Every structure is written in structure tokens, then in C-alpha cells.
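A structural walkthrough
One letter stands for each residue in the lines below.
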Amino acid sequence: MHTYPLVFFLHVLAATVWTGGHLVLAFTVLPRALRARDPEVLLAFESGFERIGMPALLVQVVSGLWLAHTLVPDVAAWFTASNPPARLIACKLALLAITVLTALDARLRIIPRLSAQTLPALAHRVYLVTLVSVLFVLVGVSFRGGLLA
Ligand code: HEM
């Protein structure tokens, strides 16, 4: 009976970890790594954050899909964006696609060859994923009449 509030709570808790962690990374750790031209600063943060950040993203996706299906049970409507909540769900899915593609690109193409020279390329991807993580929150709060409603 209280499933929705519980899943919603887990969704928001995981959002604090995912978005908060990326803001700390983008505004404190990354500038330090770029100033020192030292990828190790970034990798040290990444290896700790990954342990909580990746499960948080997984919780986010599973709980998000469950919330979306409860709000708009017709999954086809998510892709035609035919009503306001379905439009917000479509935005969430687009943001998820950008996040996954950017993370895969960083993990497979840049991190294996990370050096002082390739650090700025990784920084661009970190900034993009951080911006998208904030947009996730902006779209999320709009379901209940936030800025985009
Ligand atoms: C890292 C990814 C994500 C973040 C940071 C995030 C964040 C948020 C936040 C902050 C809220 C608003 C809570 C409130 O109203 O107080 C929310 C709501 C919501 N999110 Fe996400 N979200 C993410 C991914 C997803 C995904 C992948 C989906 C699935 C399509 C999704 C579906 C929803 C839905 C349906 C709501 C509205 C629930 C309601 O108002 O009852 N989210 N999200």
C-alpha cells in the first residue's frame, strides 16, 4: 500500500548521491586535477565514488521506470510524449541515454589511455554528465508542478 512513497523515497535518495557526487566531482575534484595536470586525483575520487554512485544510478533507473509505469502505464505513450507526464518521462529517458553513452565513451575510449594530455577530454565528459544529472532533478521535480510544468 505504501509502495509508491517508498520507491519515491529511494529514487530521491539515490538522486542526492548521483547528482551531489557529480557536483562535488565537477566543482572541487576536477579543477584540482586539471590544475595539477594529474589524472590520479580524479581516479582516486572516481574509484571511491563508483562504489556508491553506480548502485545509486541503478536504483535511480529501476525506481524511475517503476514510478513512470505507475504514473503512465501505457509505455507507448512515453515515446509519443502525448501528455504532460509522458513528455517528462520521455525527457528522463533522453537524459538517461545521454548519460549512458557519455559514460561508455569515457570508460572505453578515454580512461584506458588517461594521461595529463587526455585529462581535458575526460573533464568535458564529466561536465556533460554533471549538467545532465542536474537536468534529471529539474525534470523530476516538474512532475509535481516544478519549473517545467
Ligand atoms: C540519475 C538519474 C535521475 C535523477 C537524478 C532523478 C531525480 C529525480 C527527482 C529529484 C525527482 C523529483 C522528486 C520530487 O518530486 O521531489 C524525480 C522524480 C521522478 N523521476 Fe527521476 N531521476 C532520475 C532518473 C529517472 C529515470 C531514468 C526515470 C524513468 C523514466 C525517472 C522517473 C521519474 C518519475 C516518474 C518521477 C516523478 C515521481 C512523482 O512525482 O511521483 N527518473 N526524479
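Let us look at the structure shown here.

Analysis parameters
Residues numbered from 1 in each chain as written. Predicted model: local features only at pLDDT ≥ 70, side-chain atom pairs only at ≥ 80, totals over all residues. Heavy atoms only, no water. Near = heavy atom within 4 Å. Polar contact = N/O pair within 3.5 Å; in protein donor to acceptor, adjacent residues only side chain to side chain. Helix = DSSP H or I, 4+ residues; strand = E, 2+ residues; numbered from the N terminus. Nonpolar A, V, L, I, M, F, W, Y, C, P; charged D, E, K, R; others polar. Buried < 20%, exposed > 50% of the residue type's maximum accessible area, 1.4 Å probe, protein only. Contact = heavy atoms within 4.5 Å. Donors = N, O, S within 2.8 Å, 3.2 Å for Na, K, Ca; no water. Tetrahedral: all angles 85-135°; square planar, octahedral: opposite > 155°, others 65-115°. Phe/Tyr/Trp six-rings, centres within 6.5 Å; stacked < 30°, edge-to-face > 60°.

A word on the site of the ligand. Surveying the vicinity of the ligand reveals 22 residues, the closest of which are Tyr-4, His-11, Gln-60, Lys-92 and Arg-144. The side chain of Tyr-4 places a nitrogen or oxygen atom 2.6 Å from an oxygen atom of the ligand. Between the ligand and the protein, one listed contact pairs a nitrogen atom with a side-chain N or O atom of His-11 at 2.8 Å. Of all the secondary structure elements, the ones that give two or more residues to the shell around the ligand are α1 (3–36), α2 (39–71), α4 (84–110) and α5 (119–142). For the shell around the ligand, the per-class residue count stands at 15 nonpolar, 5 polar and 2 charged.

Here the focus is the side chain of Thr-19. Counting through the fold element by element, Thr-19 comes out in helix α1. Relative accessible area serves as the criterion here: at 9%, Thr-19 is assigned to the buried category. Apart from the residues within four sequence positions on either side, Thr-19 is in contact with Ser-133, Val-134 and Val-137.

Attention now goes to unusual backbone geometry. The phi dihedral of Arg-37 is positive, around 50°, even though this residue is not glycine. With respect to the secondary-structure elements, Arg-37 resides in the loop between α1 and α2. Overall, the relative accessible area of 52% leaves Arg-37 in the exposed class. One non-glycine residue, Ala-81, adopts positive backbone phi at about 50°.

To continue, consider the coordination of the iron atom of the ligand. Summarising the metal site, the iron atom of the ligand is bound by the protein donors His-11 (NE2) and Lys-92 (NZ), whose distances to it range over 2.0 Å. Here the iron atom of the ligand binds 6 donor atoms, and the angle range of 77 to 179° at the metal identifies the geometry as octahedral. Within this pair, whereas His-11 is found in helix α1, its partner Lys-92 is found in helix α4, the two being separated by 81 residues in sequence. With respect to class, His-11 is no different from Lys-92; both count as buried.

Any pair of aromatic rings gets described here by the distance separating the centres and the angle formed by the planes. Summed over the entire model, instances satisfying the criterion amount to 4 aromatic pairs. Judged by centre distance (5.7 Å) and plane angle (20°), the ring pair of Phe-45 and Phe-49 falls under stacked. Placement of the pair is Phe-45 and Phe-49 together in helix α2, with a separation of 4 residues, close to one helical turn. The partly exposed category is assigned to Phe-45, whose relative accessible area is 22%. Here a set of aromatic residues connected by ring pairs shows up, and it is made of Tyr-4, Phe-8 and Trp-66.

Fair warning: the whole summary comes from geometry, so function is off the table for now.
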